[in-house]
Protein chains: 2
Amino acid sequence: MLKVPEHQVAGHLAIDGKLGPLVDDSGRFYKPLQGDGRGNKELAFYESFSSDTRVPDHIRKYFPVCYGSQLLEASNGSGLLHHLVLQDIVSSHRNPSIMDVKIGSRTWYPEASDNYIQKCLEKDRRTTTVSLGFRIAGLQLYEGKESGYWRPGRKEVQSFTVYNVRSILRRFVSSNSSIGNENSDCSFAPSIYGRSAGILEQLLELKAWFEDQTIYHFHSCSLLILFDKESVSKGSAPVPEIKLIDFAHVVEGKGVIDHNFLGGLCSLIKFVSEVLSDSKESSIKDCVESEKPGICTDNGNCQ
Amino acid sequence: MLKVPEHQVAGHLAIDGKLGPLVDDSGRFYKPLQGDGRGNKELAFYESFSSDTRVPDHIRKYFPVCYGSQLLEASNGSGLLHHLVLQDIVSSHRNPSIMDVKIGSRTWYPEASDNYIQKCLEKDRRTTTVSLGFRIAGLQLYEGKESGYWRPGRKEVQSFTVYNVRSILRRFVSSNSSIGNENSDCSFAPSIYGRSAGILEQLLELKAWFEDQTIYHFHSCSLLILFDKESVSKGSAPVPEIKLIDFAHVVEGKGVIDHNFLGGLCSLIKFVSEVLSDSKESSIKDCVESEKPGICTDNGNCQ
């Protein structure tokens, strides 16, 4: 039984008779192959990537598994259509908070048409892509059983400023995310961004690969950042994850590193590091102010 | 006594009645303040930079010392003109080989006019700026007493491809640089690019700062790479140097890293690393082929 993904935060949605991806109950994600060649380019990327022995094993975990393609009834009722069959990344999460971050200070590639370049450039300048080296393309933030998800609309997301992005990266790991802005407590920052195998460590592992790899240039590709706030709140071990998605505009690296992706990734890393170090500072301050004799633990609590 | 700089490899030259920089015998470089506000912007940058306590001491050595500004007779005979008074970087070198590398995959900045952006973008796409994240803006290569310098013309430099750039980075550190291309022996690579305090180590030190600093964004800024081939050949210690120059388009970082500069710098680092590791491999091969029983030393010789 195929259905519309519950946790898709960006891209075309399979609602109101439109074409979009579908998921099943077994953890697979079916993405319709776009007709203008982009779908085939993405399929070709997955095929090349999965068989490329130059990609180290510890990097593969940052990419969804691809199970090839399959003919399926399209969500818009237009009949049978080829779909990419991918791992449904969010299926293992219960109430995932998700950020879709498009990495790079340009989303176009040198070989593209002038028209395409101008269209991308215009959007890159309008959003934080040029200024920050990345933009948030969509997000959902789980705020608890009662309030459910905060999911800003497409227009709101596209109008995010540098200030908004910084604020959202704080809010994303706050227990009081609903109030937003400066008052976010960032109480989950140590357990989500920090700690061993946290988001920051994963980003740094990816960065080390991008400093070296000259196989692919990932244009207009997104980094999904996701975790379960529920499990964090309840004290069970959260599994913060990052995954790269959307490879319709990947081109060959031809011996040059993907400096566009790398620069944006470093910018994101700097932002995440700052949220983390701010949260550590403020938890030290809290410990001091509460006059507890202990020290602050890695998860930001006083001991 | 002011004169036209002997070793200027890019930018406007003070010849044929044109406006350009001058040097004196005491190691100072006089750069005319460009009238369209760029000169004042560069002076303002130097003033801000020199008094900014956030800039660590070990980073200051990568910038020319600035001695303020001075009214001087302009080289084009137009009368008195304000000049930036800077350290003449090459004055301490006898027969310097110099590369002027403009860093970044875009030379424009978000706040610029549409016209300026389109002009820069066109040149960035035409050169290796977009593809490599940097472009060679000029160079001179000392080839010995008899042949003197190889100094390709502006048009040739502007038409450099990725292939040419890679080849020049090899040729730059070769004892047989005059023949160029694949046959470059890269015999100076270990002593210029490699070794402690060599070019690669300096680039990495600069990179670490750029991963963190959010004070300035260096648009259209150049990295000069220079050394004395003569002293290398004669066995005396060479002093390979890197220096950042041209700050007319520096803007405030506003809490964001200069991901554009950083990405290009990482791309250059990868290229330099490759020349270095190729040269080490080939010197190992040479040792093996010459059946010398020894091992290869850091400077690429057999022991």
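Residues numbered from 1 in each chain as written. Chains lettered and ligands numbered in written order. Predicted model: local features only at pLDDT ≥ 70, side-chain atom pairs only at ≥ 80, totals over all residues. Heavy atoms only, no water.

(A) Region of interest: the interface of chain B and chain A. Contacts between the two partners involve 33 residues from chain B and, on the opposite side, 32 residues from chain A. Buried area between chain B and chain A, summed over both chains or domains, comes out near 2400 Å², and the portion from carbon and sulfur atoms is 56%. Counting the surface chain B buries against chain A, the share from its top three residues, R125, H259 and K270 of chain B, is 23%. Connecting chain B to chain A are 6 salt bridges. For R125 of chain B, the salt bridge identified is with D114 of chain A, shortest N-O distance 3.0 Å. Counting every contact that joins chain B to chain A gives 16 residue pairs in polar contact (both at pLDDT 80 or more). Within the residue set of the side of chain B that touches chain A, elements represented by two or more residues are α3 (114-126), α4 (129-132), α6 (162-171) and α10 (259-289) of chain B. For the side of chain B that touches chain A, the element with the most residues is α10 of chain B, which contributes 8 residues. The class makeup of the residues in the side of chain B that touches chain A is 13 nonpolar, 11 polar and 9 charged. (Contact = heavy atoms within 4.5 Å. Buried area = accessible area lost by both parts, 1.4 Å probe. Salt bridge = Lys/Arg side-chain N within 4 Å of Asp/Glu carboxyl O. Polar contact = N/O pair within 3.5 Å; in protein donor to acceptor, adjacent residues only side chain to side chain. Helix = DSSP H or I, 4+ residues; strand = E, 2+ residues; numbered from the N terminus. Nonpolar A, V, L, I, M, F, W, Y, C, P; charged D, E, K, R; others polar.)

(B) Structural view of the state of the cysteines. Scanning the entire structure with this criterion turns up 0 disulfides over all chains. This cysteine, C66 of chain A, is not joined by any disulfide, and C221 of chain A carries the nearest cysteine sulfur, 14 Å off. (Disulfide = S-S within 2.5 Å.)

(C) View of helix α1 (residues 38-51) of chain A. All names here are of chain A. When the terminal C-alpha atoms of α1 are compared, their 20 Å separation across 14 residues agrees well with the 20 Å that a helix rising 1.5 Å per residue should span. Within α1, burial applies to G39, E42, L43, F45, Y46 and F49. Buried positions in α1, seen along its axis, are confined to an arc of 155 degrees and lie on one side of it. Seen from the open side of α1, the exposed residues pointing more than 90 degrees away from its buried face are E47 and S51. Looking at the buried residues of α1, the elements they touch are β2 (28-32), α2 (57-60), β3 (66-73), β4 (80-87), β8 (216-218) and β11 (250-252). (Expected span 1.5 Å × (residues − 1). Buried < 20%, exposed > 50% of the residue type's maximum accessible area, 1.4 Å probe, protein only. Arc of directions from axis to C-beta.)

(D) Examining the sheet that holds strand β1 (residues 22-23) of chain B more closely. Residues and elements named next belong to chain B. With respect to topology, 4 strands assemble into an open sheet ordered β1-β2-β4-β3, the strand pairing being antiparallel. Either end of the sheet is taken by a strand with one partner, and the two such strands are β1 and β3 (66-73). Across the sheet, helix α1 (residues 38-51) is in contact with β2 (28-32), β3 and β4 (80-87); its angle to β4 comes to roughly 35 degrees. (Pairing = 2+ DSSP bridges. Axes fitted to C-alpha atoms, helices over the stretch in contact; angles between N-to-C directions.)

(E) View of the domain arrangement of chain A. Residue and element names in this part refer to chain A. Annotation of chain A at the domain level lists domain 1 (1-92) and domain 2 (93-280). Contact with domain 1, which involves 28 residues of that partner, is made by 33 residues of domain 2. With both chains or domains summed, domain 1 and domain 2 bury close to 2600 Å², and 62% of this area falls on carbon and sulfur atoms. Looking at the side of domain 1 facing domain 2, the largest losses of area belong to V9, Y62 and I89, adding up to 27% of the total buried there. On the surface where domain 1 and domain 2 come into contact, there are 2 salt bridges. The interface formed by domain 1 and domain 2 holds 13 residue pairs in polar contact (both at pLDDT 80 or more) in total. Where the side of domain 1 that touches domain 2 is concerned, the elements lending two or more residues are α1 and α2. Tallying contributions element by element places α1 first for the side of domain 1 that touches domain 2, with 7 residues. (Domains from an automatic or database assignment.)

(F) Highlighting empty space enclosed by the protein. For the structure on display, the rule yields 3 cavities of 30 Å³ or more. Reported here for the largest cavity is a volume of approximately 100 Å³. For the largest cavity, the full set of lining residues is S105, R106, W108, L121, D124 and V130 of chain A together with S105, R106, W108, L121, D124 and V130 of chain B. Going through the elements one at a time, α3 (114-126) of chain A together with α3 of chain B are the ones with two or more residues in the lining of the largest cavity. (1 Å grid on protein atoms, 1.4 Å probe; cavity = no way out; pocket = protein on both sides within 12 Å on 5 of 7 lines; lining within 4 Å. Points joined across faces, edges and corners; volume = space filled by probe spheres on them.)

(G) A look at the relation of the copies chain B and chain A. Superposing chain B onto chain A takes a rotation of 180 degrees plus a shift of 0.0 Å along the axis, which leaves an RMSD of 0.0 Å. Between the two chains, the operation in question is that of a two-fold axis. Taking C-alpha positions as the reference, the residue of chain B nearest the rotation axis is G263 of chain B, at 2.2 Å. When the interface residues of chain B are mapped onto chain A, 97% of them are again interface residues, pointing to one common binding face. (Least-squares fit on C-alpha atoms with pLDDT ≥ 70 in both.)

(H) Just the packing of aromatic side chains, in detail. Residues and elements named next belong to chain A. Tallying each qualifying case throughout the model produces 45 aromatic pairs over all chains. A centroid spacing of 5.8 Å and a plane angle of 55 degrees characterise the contact between Y109 and Y116, whose relative ring orientation is tilted. Looking at Y116, the relative accessible area reads 23%, which means it is partly exposed. Where F134 meets F271, the ring centres are 5.9 Å apart and the plane angle is 90 degrees; that geometry is what we call edge-to-face. With F134 in strand β6 (residues 134-142) and F271 in helix α10 (residues 259-289), the pair connects residues that are 137 residues apart, well separated along the chain. For the pair F134 and F271, one class covers both residues: buried. Clustering of aromatic rings is evident, with ring pairs tying together F45, Y46, F49, F63, W209, F210, Y216, F218, F247 and F261. (Phe/Tyr/Trp six-rings, centres within 6.5 Å; stacked < 30°, edge-to-face > 60°.)

(I) Spatial organisation of the sheet that holds strand β9 (residues 222-228) of chain B. Residues and elements named next belong to chain B. Spatially, the 5 strands line up as an open sheet ordered β7-β6-β5-β9-β10, and their pairing is antiparallel. Sheet topology places β7 (149-150) and β10 (241-245) at the edges, where each strand pairs with a single neighbour. As defined by bridge partners, strand β5 (residues 96-103) adjoins strand β6 (residues 134-142) across 6 bridges and the pair is classed as antiparallel. In the strand pairing of β6, D100 is matched with G138. The sheet contacts of α6 involve β5, β6 and β7, and relative to β6 the element is tilted by about 35 degrees.

(J) Structural detail: a nonpolar patch on the surface. All names here are of chain A. A cluster of nonpolar side chains, contributed by V4, L13 and I15, occupies part of the molecular surface with about 200 Å² of accessible area. Counting through the fold element by element, I15 comes out in the segment before β1 (22-23). We classify I15 as partly exposed; its relative accessible area is 40%. (Patch = residues over 30% accessible without salt bridge, like charges linked within 9 Å, V, L, I, M, F, W, Y side chains within 5 Å. Areas by Shrake-Rupley, 256 points an atom, 1.4 Å probe, with all protein chains shown as cover.)

(K) Region of the structure containing the packing of α3 of chain A against α3 of chain B. Remark: α3 of chain A packs on α3 of chain B, axes separated minimally by 13 Å, with the N-to-C direction vectors making an angle of 125 degrees. One finds that α3 of chain A runs oblique with respect to α3 of chain B. α3 of chain A and α3 of chain B meet at a crossing whose hand is right-handed. Contact residues: α3 of chain A offers D114, I117, Q118, L121 and R125 of chain A, while α3 of chain B offers D114, I117, Q118, L121 and R125 of chain B. Partitioned by chemical class, the residues of the contact of α3 of chain A with α3 of chain B number 4 nonpolar, 2 polar and 4 charged. (Parallel < 35°, antiparallel > 145°, perpendicular 65-115°, else oblique. Left-handed = near helix turned anticlockwise from the far one by under 90°.)

(L) Broad picture of the pattern of salt bridges. All told, the structure shown has 34 salt bridges over all chains when counted by the stated rule. Between D212 of chain B and K270 of chain A there is a salt bridge, and its shortest N-O distance comes to 2.7 Å. Here D212 of chain B is found in the loop between α8 (199-210) and β8 (216-218), whereas its partner K270 of chain A is found in helix α10 on a different chain. On the basis of relative accessibility, which here comes to 46%, the residue D212 of chain B falls in the partly exposed class. Between E274 of chain B and K270 of chain B there is a salt bridge, and its shortest N-O distance comes to 3.8 Å. With E274 of chain B and K270 of chain B both in helix α10 and 4 residues apart, the pair spans about one turn of that helix.

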